[in-house]
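Geometric and topological summary
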Amino acid sequence: MGGLCVDLRVELAGIRLRNPLVLASGILGTTPSLLKRVEKAGAGAVTTKTLTLRPRPGYPNPVIVELDFGFVNAMGLPNPGVDCFLNELYGERKVEIGIPVIISVGGASAEEFSIISSKLRKYPVEVVELNLSCPHVKGHGLELGSDPEAVYEVVSNVRSNLPHTPLFVKLSANVASVLDIAEAALRAGASGFVAVNTLRATVIDIYAKKPVLSNVYGGLSGPAIRPVAVRVVYELYENFPRVPIIGVGGVDSWRAAVEFLLAGASAIGVGSVIARKDLAVFSEILKGLKTYLEAEGYERVGDIVGLAHKD
Ligand code: SIN
């Protein structure tokens, strides 16, 4: 029997992706050559490590703990600074990357986001992710991202510097109302959401009788957070059905990817599973997704986006 020819392409705020898998921020996105490796492994788009105005060395070790059900990490946003990274990515010795690169940026204030976004204007940046949800770096992320007014100010500043660039706001589930944050971001000109960042967490070493991470607080990722991430994606789609969502959180198989698509994500972030399965996980998920769509009689990935909401 000749099977259907399944189309894995998706569109995100006007950006075409060859398939819905996106390298999540913070995973391998520290150098352009690593991003190139992820492209070769089959991803539809890649996200850089979050870039800040000035270089950050990150926290001292230990910065990551592996658990049975995921990871808790607190890297401390290590990055070479936005200028250095963008020069490397788009400068003379640039590595040609043939899929969209999502530039993730973080800042300690709306003003800092404004300065960073004015720097981005000088480069052919295709998509921007605003990291307003890091759960543990003081002054960054959640401290802005849990306040709708601060989110409005950050997104408005970036939008006025980048009037035509797709802007995705990375949200946290560690807030009183993710819908209030999302609504403020949209009002200020956001194009879409990345949902969700890691959840604030702590691990104690029972023999040292102390927290394991040097920073004490970190972010939980992996399969343990998937139902929380799926809940946020579902809530966002229910309330803002036309706004594109990149669903992230514990995607470790094609089944998990399908779950996010049905909840309303148009694309899916792949993150900590890479530490366990390596980059081969991209082709594994794509193969399973294609087989599922064929078996269920769908021609396009888009046919199942948000299907769990329909009667
Ligand atoms: C880190 O660099 O520590 C994590 C970044 C994030 O959670 O956004």
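For the structure itself, consult the block above.
Residues numbered from 1 in each chain as written. Predicted model: local features only at pLDDT ≥ 70, side-chain atom pairs only at ≥ 80, totals over all residues. Heavy atoms only, no water.

1. Some words on the pattern of salt bridges
- Counted according to the given criterion, the structure contains 11 salt bridges.
- Two residues, R187 and E183, come together in a salt bridge whose shortest N-O distance is 3.0 Å. Remark: E183 and R187 occur in helix α6 (residues 178–187); sequence separation between them is 4 residues, near one turn of the helix.
- Residue E183 is classed as partly exposed on the basis of its relative accessible area, which comes to 34%. (Salt bridge = Lys/Arg side-chain N within 4 Å of Asp/Glu carboxyl O. Helix = DSSP H or I, 4+ residues; strand = E, 2+ residues; numbered from the N terminus. Buried < 20%, exposed > 50% of the residue type's maximum accessible area, 1.4 Å probe, protein only.)

2. Quick look at helix α8 (residues 254–263)
- Within α8, burial applies to A256, A257, V258, F260, L261 and A263.
- Its buried side turned inward, α8 meets β10 (192–195), α7 (226–239), β15 (245–248), β16 (267–270) and α10 (280–296).
- Looking one or two residues past α8, G264 carries a phi angle of roughly 130°, positive in sign. (Contact = heavy atoms within 4.5 Å.)

3. Overview of the layout of surface pockets
- Looking at the largest pocket, its volume works out to about 750 Å³.
- Listing elements by their share of the lining of the largest pocket, those giving two or more residues are β6 (70–73), β16 and α9 (273–277).
- A per-element tally of the lining of the largest pocket places α9 first, with 5 residues.
- Taken together, the residues that form the lining of the largest pocket break down as 18 nonpolar, 18 polar and 5 charged.
- Roughly 160 Å³ of volume is contained in the second largest pocket. (1 Å grid on protein atoms, 1.4 Å probe; cavity = no way out; pocket = protein on both sides within 12 Å on 5 of 7 lines; lining within 4 Å. Points joined across faces, edges and corners; volume = space filled by probe spheres on them. Nonpolar A, V, L, I, M, F, W, Y, C, P; charged D, E, K, R; others polar.)

4. What to know about the sheet that holds strand β3 (residues 21–23)
- Here we have 8 strands rolled up into a closed barrel, ordered β3-β4-β7-β8-β9-β10-β15-β16, and parallel in their pairing. Along the sheet, successive strands turn relative to each other by an average axial angle of 25°, direction set aside.
- Alignment of β3 against β16, held across 3 bridges, turns out to be parallel. For L21, the partnering residue across the bridge sits in β16 and is I268.
- Across the sheet, helix α5 (residues 148–161) is in contact with β8 (127–131) and β9 (167–171); its angle to β9 comes to roughly 160°.
- In the packing of α10 onto the sheet, the strands contacted are β3 and β16, and the crossing angle to β3 comes to about 165°. (Pairing = 2+ DSSP bridges. Axes fitted to C-alpha atoms, helices over the stretch in contact; angles between N-to-C directions.)

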